[in-house]
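Here are the chains, one letter per residue:
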Amino acid sequence: MKKITVLFFLIIASGFTLAQIELKGTMGINFLSSPSLQDYINQNYAPSDAQLGTFNSAVIFTGEVGTFIGKDFELSLEIPYQIYSYTENVGLGQYELAYNSFMPSVMAYYVLLGSGFNFKFGGGAGPRFVNVSENKKWQGTEESFSSIGFGGLLRVEGNTALAENVYANIGLDLRYDVNGEPENSDSKKLVNNVKGEKVNFNSFSLGVKLGISYLFLGDN
C-alpha cells in the first residue's frame, strides 16, 4: 500500500504544474452479495421469516484525488470507507455484526468532455482492509476480527458543472473484493458450524454514489 501511494503522488508531483487536479468527495450505497457471510447469519442467527437476501445494503464514503494526463485520461487515488451492520434479537438476547472495509484503489479513467459536463469510464484495483466486530449480548461477549485482501472495480460516472470548476457527480460501480477469512488476535476465525466452514467476506457489489468534485490548476 505504501509503495502504491508513493508512486501515485510522484506521478502527481511530476505533472503538477501542467495538469488539472481533481478533488472529489462522494457518498453512496453498495448492494453487497457475500454468500459465505449470508449463510453464516441465516443459518445461525436470522429468524426463518427474516432471512438475509442475496444482496444487502452498505453505506460507502469516498475521497478521491486525481490528475489529468491530457484532456481524455485521468489517474487517481480513491480512499473509500464502507460500513455494513446486522442486528437481530435471537431469543435470549441481541446479536450484532458490524463489518467495515477500507478499500483504497488506484484508478484510471477515459474522459469524454462536453460543454459544462463530462463522462468517465474506468477501473482500478487495490488492497482491502476488513474489520469485523461480533457481539453476542446474551453471552456478554464481543470479538474483533480483521483481514487484508485485494479487490477491483469498474466505474462509469457523469459530472455536471454547478459553478466554475465545481461539478456535481453521479456514478455507478461494479466491485469484486477478495477479503479472505478475518481472524482475531489469537488467529481464531469465524466458523459456520452448520456447514463446518470458515466464514469468508469475499463480496460482489453494485453501487450508486453522489458527490461533488472540484478542478483546479493546470491548463487543460
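It should be emphasised that the depicted structure is a prediction, and the values quoted were computed from it without experimental measurement.

**Some words on the layout of surface pockets**
Here comes step 1: As a volume, the largest pocket reaches approximately 200 Å³.
Here comes step 2: Contributing to the lining of the largest pocket are 16 residues, with Gln20, Leu113, Asn118, Tyr167 and Leu215 lying nearest its centre.
Here comes step 3: Those elements giving two or more residues to the lining of the largest pocket turn out to be strand S5 (105-113), strand S6 (117-136) and strand S11 (203-216).
Here comes step 4: If you tally residues by element for the lining of the largest pocket, the top one is S6, at three residues.
Here comes step 5: Its residues assigned to classes, the lining of the largest pocket comprises six nonpolar, seven polar and three charged.
Here comes step 6: In this structure, the second largest pocket spans a volume of roughly 160 Å³.
Here comes step 7: Lining of the second largest pocket is provided by Tyr40, Asn44, Tyr45, Glu134, Lys136, Glu143, Phe145, Lys188, Lys189, Leu190, Val191 and Asn193.
Here comes step 8: When contributions to the lining of the second largest pocket are tallied by element, the ones reaching two or more residues are helix H2 (35-44), S6 and strand S7 (141-163).
Here comes step 9: Tallied by class, residues from the lining of the second largest pocket come to five nonpolar, two polar and five charged.

**Looking at the nonpolar core**
Here comes step 1: Formed by 19 residues in total, the largest nonpolar core has its most connected members in Leu37, Tyr40, Ile41, Tyr84 and Tyr99.
Here comes step 2: When residues of this core are traced back to their parent elements, those giving at least two are H2, strand S3 (73-89), strand S4 (94-102) and S6.
Here comes step 3: In this view, Ile41 contacts Ala46, Leu52, Tyr84 and Tyr86; residues no more than four positions away in its chain are not counted.
Here comes step 4: Counting residues in each nonpolar core, the second largest holds seven residues, with Phe68, Val111, Leu153 and Tyr167 among its members.

**Brief notes about the environment of Glu78**
Here comes step 1: Among the structural elements, Glu78 can be located in strand S3.
Here comes step 2: In this structure, Glu78 is in contact with Thr62, Gly63, Glu64, Met103, Pro104, Ser105, Met107, Leu153, Arg155 and Arg175, ignoring residues within four places of it in sequence.
Here comes step 3: Here Arg155 takes part through its side chain, which lies 2.8 Å from a polar atom of the side chain of Glu78.
Here comes step 4: Of the polar contacts made by the side chain of Glu78, one reaches the side chain of Arg175; its length is 3.1 Å.

**Details of the pairing of S3**
Here comes step 1: By the bridge criterion, ten bridges tie strand S2 (residues 56-68) to S3 in an arrangement that is antiparallel. In the strand pairing of S3, Val65 is matched with Leu77.
Here comes step 2: Two successive antiparallel strands, S2 and S3, enclose a turn made up of four residues, where Gly70 displays a positive phi of approximately 85 degrees.
Here comes step 3: One ladder, built from six bridges, connects S3 with S5; its direction is antiparallel. Its bridge partner being in S5, Ser76 is matched across the sheet by Met107.
Here comes step 4: Relative to S4, S3 runs antiparallel, the two being bridged by nine bridges. Considered in S4, the bridge of Tyr86 is made with Leu97.
Here comes step 5: Between the end of S3 and the start of S4, which pair antiparallel, lie four residues, with Gly91 showing a positive phi angle near 80 degrees.

Cut-offs used in this document
Residues numbered from 1 in each chain as written. Predicted model: local features only at pLDDT ≥ 70, side-chain atom pairs only at ≥ 80, totals over all residues. Heavy atoms only, no water. 1 Å grid on protein atoms, 1.4 Å probe; cavity = no way out; pocket = protein on both sides within 12 Å on 5 of 7 lines; lining within 4 Å. Points joined across faces, edges and corners; volume = space filled by probe spheres on them. Helix = DSSP H or I, 4+ residues; strand = E, 2+ residues; numbered from the N terminus. Nonpolar A, V, L, I, M, F, W, Y, C, P; charged D, E, K, R; others polar. Core = buried A, V, L, I, M, F, W, Y, C linked by side-chain atoms within 4.5 Å. Buried < 20%, exposed > 50% of the residue type's maximum accessible area, 1.4 Å probe, protein only. Contact = heavy atoms within 4.5 Å. Polar contact = N/O pair within 3.5 Å; in protein donor to acceptor, adjacent residues only side chain to side chain. Pairing = 2+ DSSP bridges.

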